[in-house]
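These are the residues of each chain, in order.
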Amino acid sequence: MLHNTSVKAALSATAVISALLIPAAGSASAASHASGQSVTARADSFDAKCRSHSRTYILKKYYRGPQFFTLRCGTSTWGWKHIKARHGWNSTMDRKIDAAIWSGDPNGRGGYSTYLNQCPRVEKFRTIIGTPAGTNDLLTAYKVDQPAVAGAARC
């Protein structure tokens, strides 16, 4: 009888642990975007914040030394709503924006870009800064699919 009670207790504990570790089908970590990209908890949180705030609401700040650039809710043509709809939003996009602004080179488009480490330099990710809401706001960010290398310095 004691053995049977111990087995039941162990099975109950296992079920509780499994329920805590395995995300439910409707949870943010298990959800996916229509494009197949995973939707992060932050994306769900940004969605909720933008539904209850104006287009000028600041979702996040990206830093370059002491200077910062803001990601605002925006519209279909600029800011987070634009980036999410046109280029997708997930933690990788967030990290690429952070890296481009923090350590990328000015790209001549009012933003910063990261480049492949090769010669000639090939741009791989671009941010553009400046929106109707502010000059230090993130307009858009995207992977550069077809880099323009015409006129590049010879190696």
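Asker: Just checking my understanding: could you explain the state of the cysteines for this structure?
Answerer: Among covalent bonds in proteins, the disulfide is the one between the sulfur atoms of two cysteines. Tallied over the entire structure, the rule returns one disulfide. Two residues share a disulfide in this structure: Cys 50 and Cys 73, whose sulfurs sit 2.1 Å from each other. With the S-S bond torsion at -95 degrees, the cross-link from Cys 50 to Cys 73 turns out left-handed. Here Cys 50, found in helix 2 (residues 41-52), pairs with Cys 73, found in the loop between strand 2 (67-72) and helix 3 (79-87); they are 23 residues apart in sequence, far enough to count as distant. According to the relative accessible area criterion, Cys 73 is buried, its value standing at 1%.

Asker: What am I meant to see in the packing of aromatic side chains here?
Answerer: Geometry of an aromatic ring pair is reported as the spacing of the ring centres plus the angle between the planes. This structure, assessed with the given rule, holds five aromatic pairs. Judged by centre distance (5.7 Å) and plane angle (85 degrees), the ring pair of Phe 46 and Trp 80 falls under edge-to-face. Taken as a pair, Phe 46 in helix 2 and Trp 80 in helix 3 lie far apart in primary sequence, 34 residues in all. For the pair Phe 46 and Trp 80, a shared accessibility class is recorded, and that class is buried. Centre to centre, the rings of Phe 46 and Trp 89 are 6.0 Å apart; their planes meet at 45 degrees, and the pair counts as tilted. A residue pair is termed long-range when its members are at least 10 positions apart, and Phe 46 in helix 2 and Trp 89 in the loop between helix 3 and helix 4 (91-103) qualify at 43 residues. Overall, the relative accessible area of 3% leaves Phe 46 in the buried class.

Asker: What is the right way to look at the pairing of strand 4 (residues 112-116) in this model?
Answerer: On a regular strand, each side chain points to the face opposite its neighbour's, so the side chains alternate between the two faces of the sheet. Across two bridges, strand 3 (residues 105-106) lies against strand 4 in antiparallel orientation. Bridge pairing links Asp 105 to Ser 113 in strand 4. Hairpin connection between strand 3 and strand 4: a loop of five residues separates the two successive antiparallel strands, and Gly 108 in this loop has a positive phi of roughly 80 degrees. Across four bridges, the pairing between strand 4 and strand 5 (residues 122-131) is antiparallel. The residue of strand 5 that forms the bridge with Leu 116 is Val 122. The turn joining strand 4 and strand 5, which pair antiparallel and follow one another in sequence, is formed by five residues.

What counts and what doesn't
- Residues numbered from 1 in each chain as written.
- Predicted model: local features only at pLDDT ≥ 70, side-chain atom pairs only at ≥ 80, totals over all residues.
- Heavy atoms only, no water.
- Disulfide = S-S within 2.5 Å.
- Helix = DSSP H or I, 4+ residues; strand = E, 2+ residues; numbered from the N terminus.
- Buried < 20%, exposed > 50% of the residue type's maximum accessible area, 1.4 Å probe, protein only.
- Phe/Tyr/Trp six-rings, centres within 6.5 Å; stacked < 30°, edge-to-face > 60°.
- Pairing = 2+ DSSP bridges.

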